[in-house]
Amino acid sequence: MFYVSHGDVPPKRHTQHRASDGSLYAEELFGVEGFVGRSSLLYHVTPPTRTHKVEPVGAIELVEADDGVHRHRLTKTGGLPPRGDAITGRVPLYFNSDVVMGVVRPAEAMPETLFYRNGEADEMLFVHEGTGLCDTNFGPLRYGPGDYIILPIGTTWRLAPDAGSEQRMLWLECPSELEPPKRYRNEYGQLLEHAPYSQRDIPGA
């Protein structure tokens, strides 16, 4: 696909990388398919295996609504009131074995000391309304209307909406990888000229 580098990284991979005071940064190969899948090399002041506490955030029950009749459906979410945060405020609407799709209208930021990690699926947030900060282990990212926030499986993140900014988002959770369709990529992973977007549209790319 493409290479992005942020912050202070060593000139070669898998070599000692030290801070100005001589302390050693902890290197992490972030990915879910070992050495063959998509991955990122991250460098930490604190080893990523060191955590204060790990706890569940609660389960979302998916209940199938089936009246036995195949019919057109109109789902109106305009009147959905803001509630919870980007995790606790989720409202699932449709699901199958490939995806869970719903909406979320966060009324508040996730607690400053609480970060979320989905260990089973990629996630996507499409921002219809609102601005704020998505803070991840890859760094902070500002968001606004029209942005797609892609959160690969295993990413540690929290969402902090700006004060006074009403939020409305589409939410997807996919156990398979979220990636550009193959028809928009060449054999090297670059986006082709007829793709609906390019790498220049991706902040930081």
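Reading the values: the criteria
Residues numbered from 1 in each chain as written. Predicted model: local features only at pLDDT ≥ 70, side-chain atom pairs only at ≥ 80, totals over all residues. Heavy atoms only, no water. Pairing = 2+ DSSP bridges. Helix = DSSP H or I, 4+ residues; strand = E, 2+ residues; numbered from the N terminus. Axes fitted to C-alpha atoms, helices over the stretch in contact; angles between N-to-C directions. Core = buried A, V, L, I, M, F, W, Y, C linked by side-chain atoms within 4.5 Å. Buried < 20%, exposed > 50% of the residue type's maximum accessible area, 1.4 Å probe, protein only. Contact = heavy atoms within 4.5 Å. Phe/Tyr/Trp six-rings, centres within 6.5 Å; stacked < 30°, edge-to-face > 60°.

Undergrad: Sorry, what's going on with the sheet that holds strand β9 (residues 148-151) here?
TA: With antiparallel pairing, the five strands of this open sheet are ordered in space as β3-β4-β11-β6-β9. Lying at the two open borders of the sheet, with one neighbouring strand each, are β3 (90-95) and β9. Taking each pair of neighbouring strands and ignoring which way they run, the sheet shows an average axis angle of 20°. Judged from the four bridges that link them, strand β6 (residues 122-129) and β9 form a sheet pairing that is antiparallel. What sits directly across from E123, in β9, is L151.

Undergrad: Explanation requested: the nonpolar core in the structure shown.
TA: The tendency in soluble globular proteins is for nonpolar side chains to be buried side by side. If you look at the biggest cluster of nonpolar residues, it comprises 16 residues, and the most contacted ones within it are L125, I149, W157 and L159. Contact partners of L125, with chain neighbours within four places excluded, come to V104, D147, Y148, I149, W157, L159, M169, L170 and W171.

Undergrad: Explain the sheet that holds strand β5 (residues 116-117) here, please?
TA: Picture the strands of a sheet paired through backbone hydrogen bonds; they go either parallel or antiparallel. Spatially, β5-β10-β7-β8 is the arrangement adopted by the four strands of the open sheet, whose pairing is antiparallel. Looking at the sheet topology across the chains shown, the edges are occupied by β5 and β8 (139-143).

Undergrad: Any chance you could explain the environment of G154 here in plain terms?
TA: In this structure, G154 sits in the loop between β9 and β10 (156-161). Taking relative accessible area as the criterion, G154 reaches 14% and is therefore assigned buried. Taking the C-alpha atoms as reference points, G154 and K182, separated by 28 residues in sequence, lie 24 Å from one another. When residues no more than four places from it in sequence are discounted, the contact partners of G154 are F30, R117 and N118.

Undergrad: Looking at this model, I keep getting lost on the pairing of strand β4 (residues 100-104). Mind explaining?
TA: Extensive coverage of β4 is indicated by the burial of four of its five residues. Here β3 runs beside β4; their pairing, made up of five bridges, is antiparallel. Within β4, the residue paired with F95 across the bridge is V100. Linking two consecutive strands that pair antiparallel, namely β3 and β4, is a turn of four residues. Judged from the five bridges that link them, β4 and strand β11 (residues 168-174) form a sheet pairing that is antiparallel. Across the sheet, residue G102 finds its bridge partner in β11, namely W171.

Undergrad: So what exactly am I meant to see when it comes to unusual backbone geometry here?
TA: Most peptide bonds are trans, and most residues other than glycine sit at a negative phi. At H14, a residue that is not glycine, the phi angle is positive and equals roughly 60°. Topologically, H14 is positioned in the segment before β1 (26-31). A residue is classified by how much of its surface remains accessible, and H14, at 48% relative accessible area, is partly exposed.

Undergrad: I keep staring at the environment of D98 and nothing clicks. Help me out?
TA: Relative to the elements of secondary structure, D98 occurs in the loop between β3 and β4. Considering only alpha carbons, one finds D98 and A121, 23 residues apart in sequence, at a separation of 10.0 Å. Apart from the residues lying within four places of it in its own chain, the contact partners of D98 are E173, C174 and P175.

Undergrad: How should the packing of aromatic side chains be read in this particular structure?
TA: Between two aromatic rings, the relevant description is the distance of the centres plus the angle of the planes. Under the criterion given, the structure shown has three aromatic pairs. Here Y116 and W157 contribute two aromatic rings whose centre-to-centre distance is 5.7 Å and whose plane-to-plane angle is 85°, an arrangement assigned as edge-to-face. Separated by 41 residues along the polypeptide, Y116 in strand β5 and W157 in strand β10 bring together distant segments of the chain. No difference in accessibility class separates Y116 from W157, as the two residues are buried. Relative to Y148, the ring of F126 lies with its centre 4.7 Å away and its plane at 50°, an arrangement referred to as tilted. Placement of the pair is F126 in strand β6 and Y148 in strand β9, with a sequence separation of 22 residues. Since its relative accessible area comes to 55%, Y148 is described here as exposed.

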